[in-house]
Amino acid sequence: MTAHPSATSLLEQETRALLARLALVKPFVLQETAVAAAALSPAALSGIEEYLLAGRREVGLRAWAYLRWLHGPGATAPAAEQQRRFWTLRIAFQNSLSQFDLFSEVITQRSESDNGVLLSGLDVAAAEALRVPGGLVDGPPVVCALHRGLGGAIRRVRTRLPGGGENPVAIIRIPRERIVGYGIASSLVHEVGHQGAALLGLVGSLRADLRRTRRGRGRPSAWDRWDRWISEIVADYWSIGRIGIGSTLGLIALVSLPPPFVFRPSDDDPHPTPWVRVLLSCAIGDRLYPDPQWRRLAAVWRAMYPIEGVPPPLTAAIADLEATMPALVTMLVNHQPPTLDGRRLGAVLRNPEVRPDALLRHFRAWQSDPGRMASAPPTLAFAVIGQARANGLLTPEREAWILRRLITGWAVTSTLATARNAARRADVPMVVGQPAIWADPPPVTDHLSLAI
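Summarised in this report is the structure supplied together with it. (Residues numbered from 1 in each chain as written. Predicted model: local features only at pLDDT ≥ 70, side-chain atom pairs only at ≥ 80, totals over all residues. Heavy atoms only, no water.)

1. Remarks on the side chain of Arg277
Summarising the element assignment, Arg277 is placed in helix α10 (residues 274-288). A residue is classified by how much of its surface remains accessible, and Arg277, at 7% relative accessible area, is buried. There is a polar contact of 2.8 Å between the side chain of Arg277 and the side chain of Asp236. Non-local contacts of Arg277, meaning those with residues more than four positions away in its chain, are made with His190, Glu232, Asp236, Leu251, His271 and Pro272. (Helix = DSSP H or I, 4+ residues; strand = E, 2+ residues; numbered from the N terminus. Buried < 20%, exposed > 50% of the residue type's maximum accessible area, 1.4 Å probe, protein only. Polar contact = N/O pair within 3.5 Å; in protein donor to acceptor, adjacent residues only side chain to side chain. Contact = heavy atoms within 4.5 Å.)

2. Concerning the sheet that holds strand β3 (residues 170-175)
In spatial order, the strands read β1-β3-β2; together these 3 strands make up an open sheet with mixed pairing. Single-partner strands in this sheet number two, and they are β1 (142-147) and β2 (153-155). Averaged over all pairs of adjacent strands, the angle between strand axes in this sheet comes to 25 degrees, irrespective of strand direction. The pairing of β1 with β3 spans 6 bridges and is parallel. Among the inter-strand pairings, Leu146 is bridged to a residue of β3, identified as Ile174. Across the sheet, helix α5 (residues 184-200) is in contact with β1, β2 and β3; its angle to β3 comes to roughly 155 degrees. (Pairing = 2+ DSSP bridges. Axes fitted to C-alpha atoms, helices over the stretch in contact; angles between N-to-C directions.)

3. Considerations on the packing of aromatic side chains
On inspection of all chains with the given rule, the structure shows 7 aromatic pairs. The aromatic ring of Trp69 is capped on one face by Arg85, whose charged end is 4.1 Å from the ring centroid. In this arrangement the basic side chain of Arg398 is found over the ring face of Trp401, its NZ or CZ atom lying 4.5 Å from the centre. (Phe/Tyr/Trp six-rings, centres within 6.5 Å; stacked < 30°, edge-to-face > 60°. Lys NZ or Arg CZ within 6 Å of the ring centre and 35° of its normal.)

4. Structural notes on unusual backbone geometry
Despite not being glycine, Arg219 has its phi angle at roughly 50 degrees, a positive value. Residue placement: Arg219 occurs in the loop between α6 (202-214) and α7 (220-243).

5. Remarks on the nonpolar core
Formed by 94 residues in total, the largest nonpolar core has its most connected members in Trp226 and Trp238. The element that contributes the greatest number of residues to this core is α7, accounting for 11 residues. Excluding anything up to four places from it in sequence, Trp226 contacts Leu210, Ile233, Val276, Leu280, Leu321, Thr324, Met325 and Leu328. Counting 16 residues, the second largest nonpolar core, distinct from the first, contains Leu52, Phe100, Leu102 and Ala145. (Core = buried A, V, L, I, M, F, W, Y, C linked by side-chain atoms within 4.5 Å.)

6. Digging into the environment of Pro272
Here Pro272 lies in the loop between α9 (259-262) and α10. Put simply, Pro272 and Val262 are 10 residues apart on the chain and 10.0 Å apart in space, counted from C-alpha to C-alpha. Discounting residues that sit within four places of it in the chain, Pro272 has contacts with Trp229, Glu232, Ile233, Arg264, Ser266 and Arg277.

7. Points about the pattern of salt bridges
Evaluated as defined, the whole model comprises 18 salt bridges. Measuring nitrogen to oxygen at the nearest pair gives 2.9 Å for the salt bridge that ties Arg85 to Glu81. Note that Arg85 and Glu81 are positioned in helix α3 (residues 79-108) at a spacing of 4 residues, about one turn of the helix. On the accessibility criterion, Glu81 (23% relative accessible area) is partly exposed. Note that Glu128 and Arg242 form a salt bridge whose closest N and O atoms lie 3.7 Å from each other. Remark: Arg242 occurs in helix α7 and Glu128 occurs in helix α4 (residues 115-130); sequence separation between them is 114 residues. A single network of salt bridges, built from pairs that share partners, joins Glu81, Arg84 and Arg85. (Salt bridge = Lys/Arg side-chain N within 4 Å of Asp/Glu carboxyl O.)

Put into structure tokens, the structure is as follows:
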């Protein structure tokens, strides 16, 4: 076959048009209109911009290399070969745009009224929830976004993006129906748990531990299911360890569905059967933070979804799972992955401040001094609010009011701290007062009156 002059000219024009469109893709810092408190952290934004810029640069270099080839050795190449090389270039261009669109959707939400600032505050909370004692987790930049549906989701850092390449940040997607109020902490910290488990290599090490634990214990089908569900189980474990019973209450809100869905077999799903998952959450909580509240909550769940009437094969499978549950929880608590330098997972993720009695002491102290709640670590604040709700001390309306102000305060405080650090590095004097954590606060007598 011989070269076709018309094909060469056509493909040259198409490539030049591709380059022109590529040049129109602007960095996010030139097109987004979010207020400062809604912005991504500098680490997250620079990571995204640098990654996308490198991708666009690579596509541009490939396009110019193709044009040089088209006017050099490729001038006499068959039209089919010229076209083959062009469409491989075009696929690379489309992949670059797909990655841009993925991050654009996340960043554009920061321009939504109120929601943008709340997402920025959740970034702060997620970053804190990822930290464990001893600096064992080198947490990546975290970006939160909203999406449709009931459950949360995460695109972990360094996982493959559409078209190839590694994700430069962790993207946590929170259901819109949970912004902001009941269950938001549970969704957020569960997804953080997936990222933490990946950084610590917990899924692989737990599966190896599961194989050792199950030896000679019988009920192999139950252990097979625990093995299949372990990635979700460890994320639930992370969430319970960080925020206590608020995690289980959020899980119940998520999986309170018609009984066929609650009892559904999930052999092909990484998520445990919802009925079993709630009971496991209660069992983990009772092991980490012993208190009768967990058994009471498990009893309420059983009453809401009585197992009578469930088909006998499924009833037998659930009975095997319940029988092996204590051994599974013991394995989780005593697990010693190589990444924890000999420490047990239970010791690392258990926080004495999250014990129910400690949380209630914080709650009572914060009623008279709300500023202490604003300065507490986000996961502790989430845990206190969840415990207060579990004890009937906090109405849903009051919880939503408090959460919105807390999360907004985290966004404002983080933004001002970043500005201070930038001014300090530039040796520019900057005077900033205390951030107004509580917008339009009620009278002092009702400043944070949390009781019903």
